Amino acid sequence: MAKKFKIFLFAPESSVLKSLLAQHNNVRKAFYVTPRACEPYMRVRVRQFSNSVVGIAKQFAAEAGPIVEYSVGEEQGGKMVGTIRIPQVEKFDEVVGIAKKFCEKTWSEGQELFFTCRVSQIVARTEKQHSWVEVFAVERREVPRVVWQAAVTRLATEIGGEAQFYSASITEY
């Protein structure tokens, strides 16, 4: 488990919410991928001690849909999340396509695993930073952890990345 501690939100794409959060320079393009849909989403980084981003998100939760906050790296977190990072940001559309096919295939194979994930495009703001594509998946209560982890690892192999697992605390608004 990682010792890093990061907080971020995932929210359905909303132009009003996006413009309000964009002033904090931390909104990233993302897609929410399920066996049945591939919808535009936003990944929002919550910087340390930034209550304003969470406050804005809470205000829009009723109209934007479920906004989920993840505190990743918390030792006491009850959930596990899996991430796959691909350093080539230009592969974003390709990774979204692979994830979509993977979710559909996993469900159709009758494994009783409704696999979902979010694919985000993280574009660096300065030359010294790195851009990447990130696939983020959360374990589901109905699925044994070992089955879910195996699915994330298979997806990582198909994408050409490595799965990493972290503890997380999750709050939905």
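Along each chain, the written sequence defines residue order, and numbers are assigned to residues from 1. This being a predicted model, a pLDDT of at least 70 is required before a residue's local features are given, and a value of 80 or more before pairs of side-chain atoms are given or counted; all residues contribute to the totals for chains, interfaces and linings. Here the side-chain values reflect all heavy atoms present in the structure, with hydrogen atoms and water set aside.

Asks: Would you explain the side chain of Ser14 in this entry?
Replies: Only DSSP runs of H or I reaching four residues or more are called helices, and only runs of E reaching two or more are called strands; each is numbered from the N terminus. Relative to the assigned elements, Ser14 resides in the loop between strand E1 (6-12) and helix H1 (15-22). Any residue under 20% of the maximum accessible area for its type is buried, any over 50% is exposed, and the rest in between are partly exposed; the area is computed with a 1.4 Å probe on protein chains only. With a relative accessible area of 16%, Ser14 lands in the buried category. Counting of polar contacts relies on pairs of N or O atoms within 3.5 Å, with two restrictions inside protein: one atom must be capable of donating a hydrogen and the other of accepting it, and residues adjacent in sequence are counted only when both atoms are side-chain atoms. Within the local environment of Ser14, its side chain forms a polar contact with the backbone nitrogen of Leu17, the two atoms lying 3.3 Å apart. Sequence-distant contacts of Ser14, defined by excluding residues within four places in its chain, comprise Met42 and Ala64. We call two residues in contact whenever any of their non-hydrogen atoms come within 4.5 Å of each other.

Asks: For this particular structure, what's the right way to read the nonpolar core?
Replies: Most often, soluble globular proteins keep nonpolar side chains buried together rather than apart. Among the buried residues, those of types Ala, Val, Leu, Ile, Met, Phe, Trp, Tyr and Cys that are joined through side-chain atoms within 4.5 Å form a nonpolar core. Phe115, Cys117, Val119 and Leu155 are the most contacted members of the largest nonpolar core, which totals 28 residues. Among the secondary structure elements, those contributing two or more residues to this core are strand E2 (27-33), strand E5 (79-86), helix H3 (92-108), strand E6 (117-122), strand E7 (132-138), helix H4 (145-159) and strand E8 (163-172). Top element by residues in this core is H3. It accounts for seven residues. Once residues lying within four places of it in the same chain are set aside, the contact partners of Leu155 are Ile84, Ile98, Ala99, Phe102, Phe115, Cys117 and Val135. Among the nonpolar cores identified, the runner-up in size contains 16 residues, and Leu9, Val27, Ile56 and Ala61 belong to it.

Asks: Please explain H3 as it appears in this structure.
Replies: Here a helix's expected span is defined as the number of its residues, less one, multiplied by 1.5 Å. Compared with an ideal rise of 1.5 Å per residue, which puts 17 residues at 24 Å, H3 spans 24 Å between its outermost C-alpha atoms and is within 8% of the ideal. Residues of H3 that are buried: Phe92, Val95, Val96, Ile98, Ala99, Phe102, Cys103 and Thr106. One side of H3 holds all its buried residues, which, seen down the axis, span an arc of 165°. Away from its buried face, by an angle of more than 90 degrees, H3 presents the exposed residues Asp93, Lys101 and Ser108. Close packing links the buried residues of H3 with E2, strand E3 (38-46), E5, E6, E7 and H4. When we speak of the arc, we mean the arc of directions from the helix axis to the C-beta atoms.

Asks: I'm lost on the pairing of strand E4 (residues 68-72) in this one. Help?
Replies: Side-chain direction in a regular strand flips from residue to residue, so the side chains alternate between the two faces of the sheet. Within E4, five of the five residues are buried, which leaves the element mostly enclosed by the surrounding structure. Burial of E4 is two-sided: the residues Val68, Tyr70 and Val72 facing one way and the residues Glu69 and Ser71 facing the other way are all buried. Here the rule is simple: two strands pair whenever DSSP picks up at least two bridges between them. In the sheet, E1 pairs with E4 via five bridges, with the strands oriented antiparallel. Looking at the pairing, Lys6 lines up with Val72 of E4. As judged from the five bridges shared by E4 and E8, these two strands associate in the antiparallel manner. Looking at E8, one finds that Ser71 is bridged to Ser169.

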